[in-house]
Amino acid sequence: QVQLVESGGGLVQAGGSLRLTCAASGTFFGINTMGWYRQAPGKQRELVATITRFARINYADFVKGRFTISRDNAKNTVYLQMNSLKPEDTAVYYCNADAIPSRPSGYWGQGTQVTVSS
(Lines give C-alpha, C1' and ligand atoms only; values in the text may rest on other atoms or scores of the structure.)
Protein backbone atom coordinates (compact mmCIF):
# COMPACT_ATOMS: atom_id res chain seq x y z
CA GLN A 1 0.00 0.00 0.00
CA VAL A 2 1.20 3.49 -0.91
CA GLN A 3 0.10 6.69 0.77
CA LEU A 4 0.66 10.15 -0.67
CA VAL A 5 0.27 13.16 1.58
CA GLU A 6 0.16 16.62 0.04
CA SER A 7 0.70 19.88 1.85
CA GLY A 8 1.35 23.53 1.10
CA GLY A 9 -1.91 24.66 -0.46
CA GLY A 10 -3.73 27.77 0.65
CA LEU A 11 -5.01 31.19 -0.29
CA VAL A 12 -2.73 33.62 -2.05
CA GLN A 13 -3.13 36.83 -4.00
CA ALA A 14 -2.49 36.95 -7.73
CA GLY A 15 1.21 37.22 -8.40
CA GLY A 16 2.07 35.35 -5.22
CA SER A 17 3.80 32.03 -4.66
CA LEU A 18 3.11 28.70 -3.02
CA ARG A 19 5.13 25.54 -2.66
CA LEU A 20 3.37 22.20 -2.66
CA THR A 21 4.92 19.09 -1.17
CA CYS A 22 3.91 15.47 -1.64
CA ALA A 23 5.51 12.70 0.41
CA ALA A 24 5.07 9.03 -0.40
CA SER A 25 5.12 6.36 2.26
CA GLY A 26 4.19 2.71 2.60
CA THR A 27 5.42 -0.44 0.95
CA PHE A 28 6.95 -0.13 -2.49
CA PHE A 29 10.17 -0.89 -4.31
CA GLY A 30 10.65 2.52 -5.83
CA ILE A 31 8.86 5.28 -7.69
CA ASN A 32 9.14 5.97 -11.38
CA THR A 33 7.28 9.13 -12.39
CA MET A 34 5.80 11.55 -9.87
CA GLY A 35 3.59 14.39 -10.87
CA TRP A 36 1.07 17.05 -10.08
CA TYR A 37 -2.41 17.36 -11.53
CA ARG A 38 -5.17 19.81 -10.82
CA GLN A 39 -8.92 19.97 -11.03
CA ALA A 40 -10.92 23.17 -11.02
CA PRO A 41 -14.67 23.20 -10.29
CA GLY A 42 -16.63 21.93 -13.25
CA LYS A 43 -13.51 20.92 -15.16
CA GLN A 44 -11.64 17.70 -15.78
CA ARG A 45 -8.46 16.87 -13.97
CA GLU A 46 -5.45 18.04 -15.97
CA LEU A 47 -1.73 17.47 -15.89
CA VAL A 48 0.41 20.23 -14.42
CA ALA A 49 3.89 18.71 -14.38
CA THR A 50 5.66 15.38 -14.09
CA ILE A 51 9.18 14.33 -13.23
CA THR A 52 10.79 10.93 -13.69
CA ARG A 53 13.16 9.24 -11.31
CA PHE A 54 16.01 10.53 -13.47
CA ALA A 55 14.68 14.10 -13.43
CA ARG A 56 13.16 14.17 -16.89
CA ILE A 57 10.50 16.87 -16.64
CA ASN A 58 7.33 17.67 -18.51
CA TYR A 59 5.21 20.78 -18.00
CA ALA A 60 1.80 21.78 -19.21
CA ASP A 61 2.06 24.81 -21.46
CA PHE A 62 0.02 26.97 -19.10
CA VAL A 63 2.62 26.68 -16.30
CA LYS A 64 5.86 26.91 -18.24
CA GLY A 65 8.08 29.62 -16.81
CA ARG A 66 5.98 29.95 -13.65
CA PHE A 67 6.00 26.54 -11.94
CA THR A 68 8.97 24.32 -11.13
CA ILE A 69 8.72 20.65 -10.25
CA SER A 70 11.46 18.85 -8.37
CA ARG A 71 11.88 15.70 -6.32
CA ASP A 72 14.02 14.15 -3.64
CA ASN A 73 14.35 10.46 -4.43
CA ALA A 74 15.84 9.65 -1.04
CA LYS A 75 12.74 11.09 0.64
CA ASN A 76 10.23 9.87 -1.96
CA THR A 77 9.00 13.45 -2.13
CA VAL A 78 7.98 15.69 -4.99
CA TYR A 79 7.64 19.46 -4.86
CA LEU A 80 5.87 22.05 -6.95
CA GLN A 81 7.06 25.63 -6.65
CA MET A 82 4.37 27.88 -8.03
CA ASN A 83 5.23 31.51 -8.80
CA SER A 84 3.31 34.30 -10.50
CA LEU A 85 0.05 32.64 -9.59
CA LYS A 86 -3.09 33.62 -11.44
CA PRO A 87 -6.75 33.31 -10.44
CA GLU A 88 -7.15 30.64 -13.12
CA ASP A 89 -4.65 28.50 -11.21
CA THR A 90 -7.30 28.02 -8.54
CA ALA A 91 -7.96 24.30 -8.21
CA VAL A 92 -7.44 21.24 -6.09
CA TYR A 93 -3.93 20.00 -6.75
CA TYR A 94 -3.32 16.26 -6.64
CA CYS A 95 -0.09 14.35 -6.39
CA ASN A 96 0.37 11.17 -8.40
CA ALA A 97 3.10 8.55 -8.11
CA ASP A 98 3.91 5.56 -10.26
CA ALA A 99 5.14 3.43 -7.40
CA ILE A 100 6.39 -0.13 -7.89
CA PRO A 101 4.54 -2.45 -8.01
CA SER A 102 2.66 -0.27 -10.44
CA ARG A 103 -1.03 -0.04 -11.07
CA PRO A 104 -2.71 1.52 -14.12
CA SER A 105 -3.64 4.87 -12.63
CA GLY A 106 -0.76 5.09 -10.20
CA TYR A 107 -1.39 6.29 -6.69
CA TRP A 108 -3.15 9.52 -5.80
CA GLY A 109 -3.03 11.86 -2.87
CA GLN A 110 -6.09 13.38 -1.28
CA GLY A 111 -5.53 16.77 -2.89
CA THR A 112 -4.72 20.21 -1.56
CA GLN A 113 -6.71 23.34 -2.33
CA VAL A 114 -5.00 26.27 -4.00
CA THR A 115 -6.99 29.47 -4.23
CA VAL A 116 -5.66 32.55 -5.99
CA SER A 117 -7.54 35.77 -5.43
CA SER A 118 -7.53 38.63 -7.91
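Asks: How should the state of the cysteines be read in this particular structure?
Replies: Put plainly, a disulfide is one covalent bond tying together the sulfur atoms of two cysteines. Applying the stated criterion to the full structure yields one disulfide. Two residues, Cys22 and Cys95, share a disulfide whose sulfurs are 2.1 Å apart. Given an S-S torsion of about -80 degrees, the disulfide between Cys22 and Cys95 has left-handed geometry. Taken together, the residues Cys22 in strand E3 (residues 18-26) and Cys95 in strand E9 (residues 91-100) connect sequence positions 73 residues apart. Considered together, Cys22 and Cys95 belong to a single accessibility category, that of buried residues.

Asks: Would you explain the environment of Pro101 in this entry?
Replies: Note on placement: Pro101 falls in the loop between E9 and strand E10 (107-108). Take Pro101: its relative accessible area is 48%, and that puts it in the partly exposed class. Placed 92 residues apart in sequence, Pro101 and Gly9 show a C-alpha to C-alpha distance of 29 Å. When residues no more than four places from it in sequence are discounted, the contact partners of Pro101 are Phe29 and Tyr107.

Asks: So what exactly am I meant to see when it comes to the pairing of strand E5 (residues 46-51) here?
Replies: Each regular strand carries side chains that alternate between the two faces of the sheet. Two strands pair when backbone bridges link them, and strand E4 (residues 30-39) and E5 are joined in this way by five bridges, in the antiparallel orientation. Considered in E5, the bridge of Trp36 is made with Ala49. Counted between consecutive antiparallel strands, the loop separating E4 from E5 contains six residues, among which Gly42 sits at a positive phi close to 75 degrees. Where E5 meets strand E6 (residues 57-59), three bridges bridge the pair, whose relative direction is antiparallel. Directly across from Ala49, in E6, lies its bridge partner Tyr59. Taken together, E5 and the strand that follows it, E6, pair antiparallel across an intervening segment of five residues, in which Ala55 is found at a positive phi of about 70 degrees.

How each quantity is defined
Residues numbered from 1 in each chain as written. Predicted model: local features only at pLDDT ≥ 70, side-chain atom pairs only at ≥ 80, totals over all residues. Heavy atoms only, no water. Disulfide = S-S within 2.5 Å. Helix = DSSP H or I, 4+ residues; strand = E, 2+ residues; numbered from the N terminus. Buried < 20%, exposed > 50% of the residue type's maximum accessible area, 1.4 Å probe, protein only. Contact = heavy atoms within 4.5 Å. Pairing = 2+ DSSP bridges.

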